[in-house]
Amino acid sequence: MFGKKKNFGLALGGGAARGFAHIGVLKALDEAGLKPSFVAGTSVGSLIGALYCAGLSWQRIWQEAEELDWPDLVKITMPTMGLVNPDKLESLIERLVEGKTIEDLTVPFLAVAVDLVSGSETILASGPLGRAVRASCSIPGIFTPLDDGKRLLADGGIVNNLPARQVREMGAEFVVSVDLANSGWDQQKKPSNLLEVLFASTFIFMGNTGAQGRHASDLLVVPALTGFGFHDMSRKQEIMELGYQAMQSNLKTLVKRCSN
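Scope of this entry: the structure provided in the associated data block. From a predicted model like this one, the values you see are computed outputs, not experimental measurements. (Residues numbered from 1 in each chain as written. Predicted model: local features only at pLDDT ≥ 70, side-chain atom pairs only at ≥ 80, totals over all residues. Heavy atoms only, no water.)

### Some details on the pattern of salt bridges
According to the stated counting rule, one finds ten salt bridges in the structure shown. Salt-bridge contacts for Arg 134 lead to Asp 87; the nearest nitrogen and oxygen are separated by 2.7 Å. Residue Arg 134 is found in helix 5 (residues 129-137), and its partner Asp 87 is found in helix 4 (residues 87-96); the two are separated by 47 residues along the sequence. Given the relative accessible area of 7%, Arg 134 is considered buried. The salt bridge involving Glu 238 is made with Arg 235; its shortest N-O contact spans 3.2 Å. In this structure Arg 235 comes out as partly exposed when scored by relative accessible area, which is 29%. (Salt bridge = Lys/Arg side-chain N within 4 Å of Asp/Glu carboxyl O. Helix = DSSP H or I, 4+ residues; strand = E, 2+ residues; numbered from the N terminus. Buried < 20%, exposed > 50% of the residue type's maximum accessible area, 1.4 Å probe, protein only.)

Right, dumping it as structure tokens:
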């Protein structure tokens, strides 16, 4: 008699424009007939995870992503708390998920942010999806943080860029983590402006905050993204394909270990 298969959960890490790799991961899982029972995301991982848990296929997510560029997500603002305002991102998510809240989702989901008041990790497991994603994606210094009254919420990658532990706490018996910020740092050129300096500094730091998540993972998927910048959206197809390849190369391990 065959034993009961383990469920698995997916932890999607932050990495800004490298997040197109997450779509490739979902493509590989879909082709293999595998679906996570739980999803947690930080920063761009929360964006892709939220859309997926709201019922969008990887094809639909990719269709939206292909035409996407930074002006579709943010608008320049007076640089008081950030260079750009991510209201457009929040509106985009709300449109794509048709106003769903986290409680409405059929696949349990949470997003990770940080409270800049208390300095503590903040788990967003209820409320509007758009607000949760906006908070989790708000890179300090670049995006205006989300002020919800008592808290000032910013990118969760500051404290936890790979939420593997949260996926296990949600109930996953086997945790698959997709790490976008630790595949090697190679910008190939010096940052030449304030925006590039902020991106570089943030993601060097986020590579370190993913250490706990890497340790807590049962299967670590690391797309080969060395040389791909965190703000360059011109190489989406390549990034997506590298995510696909990375997950494909780990499918046998996933199936075998979830069957034991």
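Past the structure itself, the notes keep going.
### Things to note about the packing of aromatic side chains
Two descriptors summarise a pair of aromatic rings, namely the distance from one centre to the other and the angle between the planes of the rings. Following the criterion strictly, the structure yields zero aromatic pairs and no others. Of note, Lys 27 hangs over the ring of Tyr 244, and the distance from its end group to the ring centre comes to 4.6 Å. In this structure, Arg 235 is placed above the aromatic ring of Phe 228, and the distance from its NZ or CZ to the ring centre is 3.9 Å. (Phe/Tyr/Trp six-rings, centres within 6.5 Å; stacked < 30°, edge-to-face > 60°. Lys NZ or Arg CZ within 6 Å of the ring centre and 35° of its normal.)

### Re the pairing of strand 6 (residues 121-124)
Burial of strand 6 is one-sided: the residues Thr 122 and Leu 124 facing one way are buried, the residues Glu 121 and Ile 123 facing the other way are not. Counting the residues between successive antiparallel strands, the hairpin from strand 5 (residues 109-115) to strand 6 contains five residues, one of them, Gly 119, with a positive phi of roughly 75°. (Pairing = 2+ DSSP bridges.)

### Quick look at the packing of helix 1 (residues 20-31) against helix 9 (residues 236-248)
Viewed as axis vectors pointing N to C, helix 1 and helix 9 meet at an angle of 45°, and their least axial separation amounts to 6 Å. In terms of orientation, helix 1 and helix 9 fall into the oblique class. Helix-helix and strand crossings are classified by hand; for helix 1 and helix 9 the assignment is right-handed. On helix 9, the residues that touch Phe 20, Ala 21, Ile 23, Gly 24, Val 25, Lys 27, Ala 28, Leu 29 and Glu 31 of helix 1 are Lys 236, Ile 239, Met 240, Glu 241, Gly 243, Tyr 244, Met 247 and Gln 248. Counted by class, the contact of helix 1 with helix 9 contains ten nonpolar, three polar and four charged residues. (Axes fitted to C-alpha atoms, helices over the stretch in contact; angles between N-to-C directions. Parallel < 35°, antiparallel > 145°, perpendicular 65-115°, else oblique. Left-handed = near helix turned anticlockwise from the far one by under 90°. Contact = heavy atoms within 4.5 Å. Nonpolar A, V, L, I, M, F, W, Y, C, P; charged D, E, K, R; others polar.)

### Quick word on the packing of helix 4 against helix 5
Viewed as axis vectors pointing N to C, helix 4 and helix 5 meet at an angle of 140°, and their least axial separation amounts to 8 Å. The way helix 4 lies across helix 5 gives a crossing that is right-handed. Between helix 4 and helix 5, the residues in contact are Asp 87, Leu 89, Glu 90, Ile 93 and Glu 94 and Leu 129, Gly 130, Arg 131, Val 133, Arg 134 and Cys 137, respectively. Tallied by class, residues from the contact of helix 4 with helix 5 come to five nonpolar, one polar and five charged.

### A look at unusual backbone geometry
Despite not being glycine, Ala 16 shows a phi value in the positive range, around 50°. Relative to the assigned elements, Ala 16 resides in the loop between strand 1 (8-12) and helix 1. For Ala 16, a relative accessible area of 12% gives the class buried. The phi angle at Ser 43 is positive, at roughly 55°, despite the residue not being glycine. Summarising the element assignment, Ser 43 is placed in the loop between strand 2 (38-42) and helix 2 (44-53). On the basis of relative accessibility, which here comes to 2%, the residue Ser 43 falls in the buried class.

### Notes on the environment of Ser 138
Along the polypeptide, Ser 138 turns up in the loop between helix 5 and strand 7 (141-143). Considering only alpha carbons, one finds Ser 138 and Leu 110, 28 residues apart in sequence, at a separation of 16 Å. Excluding residues that lie within four positions of it along the chain, Ser 138 makes contacts with Pro 86, Phe 143, Thr 144, Pro 145, Leu 153, Ala 154 and Asp 155. Separated by 2.6 Å, the side chain of Ser 138 and the backbone oxygen of Arg 134 make a polar contact. (Polar contact = N/O pair within 3.5 Å; in protein donor to acceptor, adjacent residues only side chain to side chain.)

### Points about the nonpolar core
Counting residues in hydrophobic clusters, the biggest one holds 63 residues, and the most contacted among them are Ile 23, Phe 109, Leu 129, Val 176, Met 247 and Leu 254. The residues contacting Met 247, other than those within four sequence positions of it, are Val 25, Ala 28, Leu 29, Val 176, Val 221 and Leu 254. (Core = buried A, V, L, I, M, F, W, Y, C linked by side-chain atoms within 4.5 Å.)

### A closer look at helix 1
Between the first and last C-alpha of helix 1 there are 17 Å, a value that for twelve residues agrees with the 16 Å anticipated at 1.5 Å per step. Most of helix 1 is tucked away, with ten of its twelve residues classed as buried. Considered for burial, the residues of helix 1 that qualify are Phe 20, Ala 21, His 22, Ile 23, Gly 24, Val 25, Leu 26, Lys 27, Ala 28 and Leu 29. On the buried face of helix 1, the contacting elements are strand 1, helix 2, helix 3 (58-66), strand 10 (174-178), helix 9 and helix 10 (251-259). (Expected span 1.5 Å × (residues − 1).)

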